[in-house]
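As a plain string of letters, each chain reads:
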Amino acid sequence: MMDILRFATAGSVDDGKSTLIGRLLYDTKTVFQDQIDAVEKVSHDRGDDYVDLALLTDGLRAEREQGITIDVAYRYFATPNRKFIIADTPGHIQYTRNMVTGASTADLALVLVDARKGLVEQSRRHAFLASLLQVPHLVLVVNKMDLVDYSQEVYENIREEFTQFAAKLRVPDLTVMPVSALKGDNVVTRSANMPWYEGPSLLHHLENVHVASDRNLIDVRFPVQYVIRPQSDEWHDYRGYAGQVLGGILKKGDEVIVLPSGYTSKILSVETADGEVDEAYAPMSVTVRLEDEIDVSRGDMICRPNNQPTVAQDIDAMICWMDESAPMRVGAKYSIKHTTRTARTIVKGLQYRLDVNTLHRDEEANELTLNEIGRVRLRTTVPLMADDYSRNRNTGGFVLVDEGTNRTVAAGMITEAS
Amino acid sequence: MNSPAHDYQLSQLDLLEAEAIFIMREVVAEFERPVLLFSGGKDSIVMLKLAEKAFYPARIPFAVMHVDTGHNFDEVLALRDERVAELKVQLIVASVQEAIDSGQVVEPPDGTRNRIQTPVLLDALEKHRFTAIFGGARRDEDKARAKERIFSFRDEFGQWDPKNQRPELWNLYNGRIHTGESIRVFPLSNWTELDIWHYIKREEIELPSIYYAHEREVFDRDGMLFAVHEKKQPKPGEEVFTEMVRYRTVGDASLTAAVRSEADTVDLVIDEVASTRVTERGATRGDDKFSEAAMEDRKREGYF
Ligand SMILES: Nc1nc2c(ncn2[C@@H]2O[C@H](COP(=O)(O)OP(=O)(O)OP(=O)(O)O)[C@@H](O)[C@H]2O)c(=O)[nH]1
Ligand SMILES: [Mg+2]
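Residues numbered from 1 in each chain as written. Chains lettered and ligands numbered in written order. Predicted model: local features only at pLDDT ≥ 70, side-chain atom pairs only at ≥ 80, totals over all residues. Heavy atoms only, no water.

(A) View of the overall build of chain A. Scanning chain A from terminus to terminus reveals eight helices and 25 strands. Seen along its three principal axes, the alpha-carbon backbone of chain A occupies a region of about 70 × 55 × 40 Å. Taking all 418 residues of chain A together, 61% fall into the buried category. Counted over contacts in chain A with a minimum sequence separation of 6, partners at least 24 positions apart contribute 70%. Carbon and sulfur atoms make up 45% of the accessible area of chain A, which amounts to about 16200 Å² in all. (Helix = DSSP H or I, 4+ residues; strand = E, 2+ residues; numbered from the N terminus. Buried < 20%, exposed > 50% of the residue type's maximum accessible area, 1.4 Å probe, protein only. Contact = heavy atoms within 4.5 Å. Areas by Shrake-Rupley, 256 points an atom, 1.4 Å probe, with all protein chains shown as cover.)

(B) Representation of the site of ligand 1 within the structure. Residues and elements named next belong to chain A. Close contacts around ligand 1 come from 21 residues, with Lys17, Thr19, Thr69, Gly91 and Asp146 the closest. Here an oxygen atom of ligand 1 sits 3.0 Å away from a polar atom, N or O, in the side chain of lysine 144. Alanine 181 is positioned with one of its backbone polar atoms (N or O) 2.9 Å from an oxygen atom of ligand 1. Relative to its unbound accessible area of 650 Å², ligand 1 is 88% covered by the protein chains. Ranked by the residues each element gives to the shell around ligand 1, the list is headed by helix H1 (residues 17–27), at three residues. Split into classes, the residues belonging to the shell around ligand 1 amount to eight nonpolar, eight polar and five charged. (Near = heavy atom within 4 Å. Polar contact = N/O pair within 3.5 Å; in protein donor to acceptor, adjacent residues only side chain to side chain. Nonpolar A, V, L, I, M, F, W, Y, C, P; charged D, E, K, R; others polar.)

(C) Local environment of unusual backbone geometry. Residues and elements named next belong to chain A. Across the junction of leucine 259 and proline 260, the peptide omega takes the value 10°, indicating a cis bond. As for its placement among the helices and strands, proline 260 is situated in the loop between strand S11 (255–259) and strand S12 (263–272). For the bond from alanine 282 to proline 283, the omega torsion is -5°, close enough to zero to count as cis. With respect to the helices and strands, proline 283 occurs in the loop between strand S14 (279–281) and strand S15 (285–290).

(D) A look at the domain arrangement of chain A. Residue and element names in this part refer to chain A. Along its sequence, chain A is organised into domain 1 (3–213), domain 2 (222–303) and domain 3 (310–417). The C-alpha centroid of domain 3 is placed 30 Å from the C-alpha centroid of domain 2. Opposite the eleven residues of domain 2 that make contact, domain 3 presents ten residues. Between domain 2 and domain 3, roughly 860 Å² of surface is buried when both sides are summed, and carbon and sulfur atoms account for 65% of that area. Counting every contact that joins domain 2 to domain 3 gives one salt bridge. Here arginine 341 makes a salt bridge to aspartate 300, at a shortest N to O gap of 3.2 Å. Counting the contacts that link domain 2 with domain 3 gives five residue pairs in polar contact (both at pLDDT 80 or more). (Domains from an automatic or database assignment. Buried area = accessible area lost by both parts, 1.4 Å probe. Salt bridge = Lys/Arg side-chain N within 4 Å of Asp/Glu carboxyl O.)

(E) Here's a closer look at the sheet that holds strand S4 (residues 132–134) of chain B. Residue and element names in this part refer to chain B. One open sheet accounts for six strands, arranged S3-S2-S1-S4-S6-S5; its pairing is mixed. Sheet topology places strand S3 (91–95) and strand S5 (151–154) at the edges, where each strand pairs with a single neighbour. Across the sheet, the axes of successive neighbouring strands diverge by a mean angle of 30°, strand direction being ignored. Pairing between S4 and strand S6 (residues 182–185): three bridges, direction parallel. Residue pairing across strands places isoleucine 133 opposite arginine 184, the latter belonging to S6. Where helix H3 (residues 74–87) meets the sheet, its contacts fall on strand S2 (63–68) and S3, and the angle it forms with S3 comes to roughly 150°. Relative to the sheet, helix H5 (residues 117–127) contacts strand S1 (34–37), S2, S3, S4 and S6, its axis offset from that of S2 by approximately 150°. (Pairing = 2+ DSSP bridges. Axes fitted to C-alpha atoms, helices over the stretch in contact; angles between N-to-C directions.)

(F) Representation of the coordination of the magnesium ion (ligand 2) within the structure. Residue and element names in this part refer to chain A. Within the protein, the magnesium ion (ligand 2) binds to Ser18 (OG) and Thr69 (OG1); these donor distances fall in the range 2.0 Å. Placement of serine 18 in helix H1 and of threonine 69 in the loop between helix H3 (61–66) and strand S2 (73–78) is noted, with a sequence separation of 51 residues between them. According to the relative accessible area criterion, threonine 69 is buried, its value standing at 9%. (Donors = N, O, S within 2.8 Å, 3.2 Å for Na, K, Ca; no water.)

(G) Highlighting the packing of aromatic side chains. Taken as a whole, this structure holds 21 aromatic pairs over all chains when the rule is applied. Between Tyr226(A) and Phe55(B), the aromatic rings sit 5.5 Å apart at their centres with planes inclined by 80°, giving edge-to-face as the arrangement. With Tyr226(A) in strand S8 (residues 226–228) and Phe55(B) in helix H2 (residues 42–55), this pair bridges two chains. For the residue pair Tyr226(A) and Phe55(B), the accessibility class agrees, reading buried in each case. Among the aromatic side chains, those forming a connected cluster through ring pairs are Tyr226(A), Phe55(B), Phe62(B) and Phe134(B). The aromatic ring of Trp160(B) is capped on one face by Lys299(B), whose charged end is 5.8 Å from the ring centroid. (Phe/Tyr/Trp six-rings, centres within 6.5 Å; stacked < 30°, edge-to-face > 60°. Lys NZ or Arg CZ within 6 Å of the ring centre and 35° of its normal.)

(H) Looking closely at the packing of helix H1 (residues 12–30) of chain B against H2(B). All names here are of chain B. Between H1 and H2, the least distance of the axes is 9 Å, while the angle of their chain directions is 70°. Viewed along their axes, H1 and H2 adopt a mutual orientation that is roughly perpendicular. Only Met47, Leu50, Ala51, Lys53, Ala54 and Phe55 of H2 make contact with H1, whose side of the interface consists of Glu17, Ala20, Ile21, Met24, Arg25 and Val28. Counted by class, the contact of H1 with H2 contains nine nonpolar, no polar and three charged residues. (Parallel < 35°, antiparallel > 145°, perpendicular 65-115°, else oblique.)

(I) Structural context of the interface of chain B and chain A. In this complex, chain B contributes 64 residues to the contact, which on the side of chain A involves 87 residues. For the pair chain B and chain A, the summed buried surface comes to about 6500 Å²; carbon and sulfur atoms form 54% of the total. When the buried surface of chain B facing chain A is broken down by residue, Tyr8(B), Lys147(B) and Trp170(B) rank first, second and third, together holding 14% of it. Scanning the region where chain B abuts chain A turns up ten salt bridges. The closest approach of N and O atoms between Lys337(A) and Glu30(B), which form a salt bridge, is 3.1 Å.

(J) Here's a closer look at the domain arrangement of chain B. Residue and element names in this part refer to chain B. According to the domain assignment, chain B consists of domain 1 (12–196 + 293–300) and domain 2 (207–287). Computed over C-alpha atoms, the centres of domain 1 and domain 2 are 24 Å apart. Across the boundary between the two partners, domain 1 contributes 26 residues, which contact 23 residues of domain 2. Regarding the contact of domain 1 and domain 2, the summed buried area is about 2100 Å², with carbon and sulfur atoms giving 58% of it.

(K) Summary view of the layout of surface pockets. In this structure, the largest pocket encloses a volume near 1400 Å³. In terms of lining residues, the largest pocket is bounded by 45 residues, among which Thr105(A), Asp107(A), Arg215(A), Arg393(A) and Asn394(A) are the most central. Elements with a contribution of two residues or more to the lining of the largest pocket: strand S1 (3–11), helix H4 (96–104) and helix H8 (393–396) of chain A together with H1 of chain B. No other element matches H1(B), which puts five residues into the lining of the largest pocket. Partitioning the lining of the largest pocket into residue classes produces 21 nonpolar, 13 polar and eleven charged. (1 Å grid on protein atoms, 1.4 Å probe; cavity = no way out; pocket = protein on both sides within 12 Å on 5 of 7 lines; lining within 4 Å. Points joined across faces, edges and corners; volume = space filled by probe spheres on them.)

Structure follows, in structure tokens:
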């Protein structure tokens with residue numbers, strides 16, 4: 001069966017992320033001829049020496065004018081084994097929030113480094129963000145090897161430095177590879193220019209990395225999204241709780257508890273429009289019906305009595321601040337969106353701000369400005385059904401929204417709830 | 001979906017379906033006045049199918065709106081009316097012809113109505129005070145669409161600002177807006193043309209017959225095959241001939257071209273789409289050939 005791998009690019013500006021994606025699409029012959037023609041024409045009109053493959057993803061007018069990526073581009077391609085959803089993200093620090101957008105749903109992140117420059121602050125920031133978002137698989141792509149004479153020494157030094165940095169992060173699976181996005185070395189096929197490199201090509205790695213085991217099949221988590229109550233004679237007494245399974249396996253007959261109320265019942269059926277299903281698991285969208293008439297509404301969570309999330313109003317979390325118009329300050333109030341529940345929250349404290357370069361914790365800090373990361377304590381108006389983000393990305397992640405501007409101002413990852 | 005001893009993996013179609021249904025339910029739970037834009041094309045037909053599934057056994061809890069350019073294929077309108085009746089949803093037609101007649105918009109000299117759809121759309125959205133608008137756009141269609149969020153914020157003029165999009169993390173969609181603003185929602189964002197066709201096959205979805213190969217009188221203009229239509233006549237010197245063709249996209253009949261094809265069944269269309277070397281818009285849309293950033297510009301103005 002064909003599965004899907006979602007991956008995102010990351011790394012500093014101009015390290016070759018978009019070029020790499022362009023090369024991958026081009027060399028797998030998954031770009032359409034009219035798109036190639038269009039890109040060739042633009043490159044030719046600009047007087048480029050070669051076709052700028054980055055134009056395959058840099059689709060906005062401003063991006064083409066400035067030669068940088070501003071927002072995520074989503075691209076799709078498939079090989080006989082897998083469908084790929086690519087998020088090509090910007091390296092420019094100003095657009096870090098767009099990188100975070102692309103990486104939040106990724107199974108794998110490609111962190112690019114320019115072989116001439118080695119690790120720079122932005123490579124560390126992005127690697128750190130990928131680990132904070134707990135993207136399960138990380139690939140350090142040492143790019144532009146053509147500009148360093150395909151030197152093994154250059155590659156090994158960068159690999160060594162990054163491995164040391166990554167040891168301080170939570171990176172479950174790290175792979176390192178030398179490539180030239182421009183020339184195609186080690187992108188789709190292994191390169192004769194680097195005989196000293198014994199690993200797979202990038203494409204081979206993407207096709208074979210094992211992602212099935214990254215899902216949580218243990219902790220049943222079913223946030224109620226919408227209550228289906230048909231206003232028709234035929235379905236008069238029907239009451240179904242629609243939602244997407246975020247963890248575990250739900251079956252007919254299972255004993256369940258509804259949080260935060262604590263009422264218990266049994267699953268009468270798990271249904272879709274195509275009929276009953278034997279089992280529901282992440283990320284299926286289903287409708288659950290219960291044996292008892294109890295009060296259940298949007299924002300409630302259905303789980304198993306012996307395996308519950310923490311029902312809490314005090315939340316400790318890592319926050320990535322994404323708003324340029326105002327910093328996050330202690331005492332400020334925001335709207336918080338977590339699973340299908342929306343509440344209000346106040347920032348009770350900022351434990352520390354993190355320096356992404358050194359990973360030093362500044363405990364004196366009293367605000368977070370654009371792109372800064374810190375650990376905060378929040379108090380919410382109503383309880384959230386929270387898991388540690390490390391246990392479940394979907395029940396451990398939340399966003400903060402400014403109640404005045406309606407902008408999404410922060411991404412949060414729960415570290416502890418009480 | 002009744003494979004016995006499995007490894008709890010969903011197929012790619014099931015993943016895409018689950019995501020689209022989740023998005024639709026989010027919108028209905030959070031917005032007072034959603035509406036679904038329905039053109040009668042394959043993507044909007046698939047979107048309507050997903051809406052049917054998302055709220056089953058209840059009825060689809062929102063209206064369907066067609067921005068009618070007046071340049072339609074008859075088969076498309078017939079299927080539109082059939083589906084709407086079957087699903088018992090309300091159909092709102094926003095007519096470009098009426099807007100021209102009342103002087104609200106001016107028909108361009110070349111007779112194409114793509115660009116003047118936008119003010120008609122925006123006007124209808126405002127009149128009905130719709131706050132969330134489902135569109136069937138897919139990111140694989142165009143390089144500007146590839147950049148757009150699933151929940152795409154539009155200001156009080158309906159405009160998209162590509163340099164200032166809201167971050168969108170995990171499956172948490174921010175639908176907060178002020179009065180007059182709106183969100184365009186794209187449940188099919190992550191589907192490709194091929195996914196759409198696999199889904200049409202799996203779900204046995206009926207499409208307007210013009211999506212399948214048939215004989216038609218056409219003429220060649222700028223390398224594209226246009227049907228001879230009341231609103232699209234050959235110029236002197238453009239020879240009319242009969243060809244086996246089908247449509248890959250269905251839009252304004254004066255702008256949408258047909259492609260040569262022998263694919264007269266779903267399976268044959270899937271084979272054709274899987275091996276094609278040209279994007280669907282590249283092959284069939286006169287409107288996107290004007291400039292490098294045609295779609296981006298139209299979206300900035302408030303287009304779908
Ligand atoms: N010589 C050489 N040049 C490269 C290579 N990869 C990319 N480049 C060049 O580096 C420049 C920047 O490439 P992009 O792909 O736009 O970089 P990016 O990482 O996507 O940049 P942002 O998205 O703006 O962060 C372009 O001029 C590319 O042609 C490579 O492997 N070798
Ligand atoms: Mg780029």
